Structures are given as structure tokens and as C-alpha cells.
Amino acid sequence: MSDAPLILYDALNSPAGRRVRITLLEKNLRAEVHWLNLALMEQKRPEFLRINPNGTVPALRHGEETIFESALICEYLDGIGTGPRLVPQEPRLQRRMREWIAYEQEWAKPFRDAIYETYARERLRGSGITAEDLPARIGINTPNPAWLHLAQSLLARGTDAAVLADRVAILMERLAWMEEQLADDRPWLLGDDFSLADITLAPRIEMFPFIGVTDISERFPRIGRFMSRMRARPSWEPSGRMPPAGAGHT
Ligand SMILES: N[C@@H](CCC(=O)N[C@@H](CS)C(=O)NCC(=O)O)C(=O)O
């Protein structure tokens, strides 16, 4: 195993990034974090696309290794860190863990639409950037006009309440399955043992207030209890800490 430092590319309020931060803490590992400014499309810089061709955070560099996709990064960290395994050894449980990850990845899509209607738009507007500044501010990060157009459309119009309501309705439908799975009062998604399934779902559920849904625990009490257990873990609070001021994020 490389003894090179772990370098994490991450962004403020990224649920996918928080999975990696939780895993680092659970596995007694430390990483140097590079905070990218998603509003300014730093994740689309050509040099970052060589690390993650999908242009999203998180991504990890470890010596010669570069890894993208939060679940794959977390599996890698589980292999190199210390402490209880987060990927179960038993094939049946491993399959179920991957099913939870696939479940979340599917509803990350409507969630992303909802984020564009809410937090992403506010983040860009709140950054003080004007429509006139935008081509230059985005242009230093990416030559791809598609990303400028996306930012321009966010700045130009307000929230589409109908799109937001539809995406929230889809997300509530998806969460009903998770609530049903927890009917047997298991402490963690795979049963008694904490795993990457829990680390995958919890940071996403924590993001619902960002799209205006503040009553998840009332709508889904078992998910609410799952989140309370998650928040009680020593890795939860530090994994949500803000980057140091001036670290280039919004
Ligand atoms: N499936 C990916 C999702 C990554 C993702 O969507 N990251 C978001 C932040 S949570 C991002 O970088 N968004 C910026 C963009 O899409 O340009 C993973 O789990 O790593």
C-alpha cells in the first residue's frame, strides 16, 4: 500500500463528499482536503477531469491511484484503514449493501434537479456574481460552454415551483421503500452492523432541508430514528464541519 498522503477533492455541503469524510473518520485515516467551488464550476477544470472524468466531487488521489465515485472511494478507504470493516464479508450482505448504494444513486437524479431549483441557484446568486461577470468567472475554469449556460440559466430565472414539487413527490415515493425496510427496527440498514450502506444514505437524507423538506422524521419516523443513530456516531459532527475560511468554496 502506498504511504503517500490521501488527497480528497470535495465541496461544501456535498453529501457524496461527506460519505468519504465519515469513512475517513471511521477508519482512522486523515486526508488533505482540496475544496472546490462548485458554483464556479471548478469541478469542470480540465486538470480535475483527468482525476474524475465525470466532473463531480468527491475524488481521491493516493500516490499513483486516482479514484472517483464516493462508494468506490469509501470501499478503498475501508481496505486501507483500521477499525471495523464497513464492507461486509458475507456475499449476501455485500449484495444488499450495493443495492442500498444503487437505490440512492437512482434517486440522486431527481434530487439533483431539486438542488438546482433551490440551493445551487441560491449559492450562485449569493456569491455576488453578476450575469456580466459570469463568462469570465466560469471561463477561467472550463472552456465548455455547456457549464456556462447552466450557470447562466440558474442566475437568470427563479425557482420553478412545479418542477421542485414534482421532484419532491418522486423522492418521497422512493423514501417510502426505505421506511418499509426499517419496519423490523434494525439499528442499521444491513442489520446489526454499521456499513457503507448507512454512510451512503445518511448524508443524502440530511440534505432534504436544502430542497425545502424539513419534516422527514415526521413523514418517516423510522428514517428519523436511523438518522438519530447516525448523528450520535463520533464521525458525524466532524464530518460536517465547514472548510477553513478562504479555502475557495461557496
Ligand atoms: N455518484 C457520484 C455523485 C457525485 C456528485 O453528484 N457530486 C456532486 C456534489 S454532491 C457534484 O459534484 N455536483 C457538481 C456537478 O454535478 O457539477 C458519487 O457518489 O460520487
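Since this is a predicted model, take the numbers as computed values, not measurements. (Residues numbered from 1 in each chain as written. Predicted model: local features only at pLDDT ≥ 70, side-chain atom pairs only at ≥ 80, totals over all residues.)

**Quick word on the packing of helix α4 (residues 91-117) against helix α8 (residues 161-181)**
And then number 1: With their axes 9 Å apart at the nearest point, α4 and α8 run at an angle of 150° to one another. Considered as vectors, α4 and α8 are oriented roughly antiparallel to each other. For α4 against α8, the interelement crossing comes out left-handed. Contact residues: α4 offers W107, P110, F111, D113, A114 and E117, while α8 offers V163, L164, R167, V168, I170, L171 and R174.
And then number 2: Classifying every residue of the contact of α4 with α8 gives 9 nonpolar, no polar and 4 charged. (Axes fitted to C-alpha atoms, helices over the stretch in contact; angles between N-to-C directions. Helix = DSSP H or I, 4+ residues; strand = E, 2+ residues; numbered from the N terminus. Parallel < 35°, antiparallel > 145°, perpendicular 65-115°, else oblique. Left-handed = near helix turned anticlockwise from the far one by under 90°. Contact = placed C-beta atoms within 7 Å. Nonpolar A, V, L, I, M, F, W, Y, C, P; charged D, E, K, R; others polar.)

**Some words on the pairing of strand β3 (residues 59-62)**
And then number 1: As defined by bridge partners, strand β1 (residues 6-10) adjoins β3 across 4 bridges and the pair is classed as antiparallel. Bridge assignment links I7 to a residue of β3, and that residue is R61.
And then number 2: Strand direction decides the pairing type here: β3 and strand β4 (residues 65-68), joined by 4 bridges, are antiparallel. Pairing of A59 across the sheet is with F68, part of β4.
And then number 3: What sits between the antiparallel neighbours β3 and β4 is a turn of 2 residues, in which G63 has the positive phi angle 60°. (Pairing = 2+ DSSP bridges.)

**Thoughts on the nonpolar core**
Among soluble globular proteins, nonpolar side chains are generally buried collectively.
And then number 1: One finds L8, C74, L196 and A197 to be the most contacted residues of the largest nonpolar core, which totals 51 residues.
And then number 2: Of all the elements, α4 adds the most residues to this core, at 7 residues.
And then number 3: For this core, the two domains that each supply at least three residues are domain 1 (6-86) and domain 2 (91-238).
And then number 4: Apart from the residues lying within four places of it in its own chain, the contact partners of L196 are A71, C74, E75, D78, L86, V87 and M97. (Core = buried A, V, L, I, M, F, W, Y, C linked by C-beta atoms within 7 Å. Buried ≥ 20, exposed ≤ 12 C-beta atoms within 10 Å, placed from the backbone. Domains from an automatic or database assignment.)

**Digging into the sheet that holds β1**
And then number 1: The 4 strands lie next to each other as β2-β1-β3-β4, forming an open sheet whose pairing is mixed. Edge positions in the open sheet fall to β2 (31-35) and β4, since each of these has one partner strand only. Pairs of neighbouring strands in the sheet enclose a mean axial angle of 20°, with direction left out of account.

**Looking at α4**
And then number 1: Taking 1.5 Å of rise per residue, 27 residues should cover 39 Å, and α4 covers 40 Å from first to last C-alpha, within 8% of that figure.
And then number 2: In α4, a bend of some 35° at K109 exceeds every other bend along the element, and P110, a proline, comes one to four places later.
And then number 3: What α4 keeps buried is the set M97, W100, I101, E104, F111, A114, I115, Y116 and E117.
And then number 4: Along its buried surface, α4 packs onto α3 (70-80), α5 (119-126), α7 (145-156), α8 and α9 (196-206). (Expected span 1.5 Å × (residues − 1). Bend = angle between axes of the 7 residues up to and from the residue.)

**Focus on the site of the ligand**
And then number 1: Taken together, the neighbourhood of the ligand is formed by 13 residues, with S14, A16, T56, V57 and S70 sitting nearest.
And then number 2: Of the residues belonging to the shell around the ligand, the class tally is 6 nonpolar, 6 polar and 1 charged. (Near = placed C-beta within 6 Å.)

**A word on the domain arrangement of the protein chain**
And then number 1: Here the protein chain is partitioned into domain 1 (6-86) and domain 2 (91-238).
And then number 2: Each of domain 1 and domain 2 has a C-alpha centre, and these two points are 17 Å apart.
And then number 3: Elements that contribute at least two residues to the side of domain 1 that touches domain 2 include exactly α1 (15-26) and α3.
And then number 4: The element contributing the most residues to the side of domain 1 that touches domain 2 is α1, with 7 residues.
And then number 5: Of the residues assigned to the side of domain 1 that touches domain 2, the class counts are 9 nonpolar, 1 polar and 8 charged.

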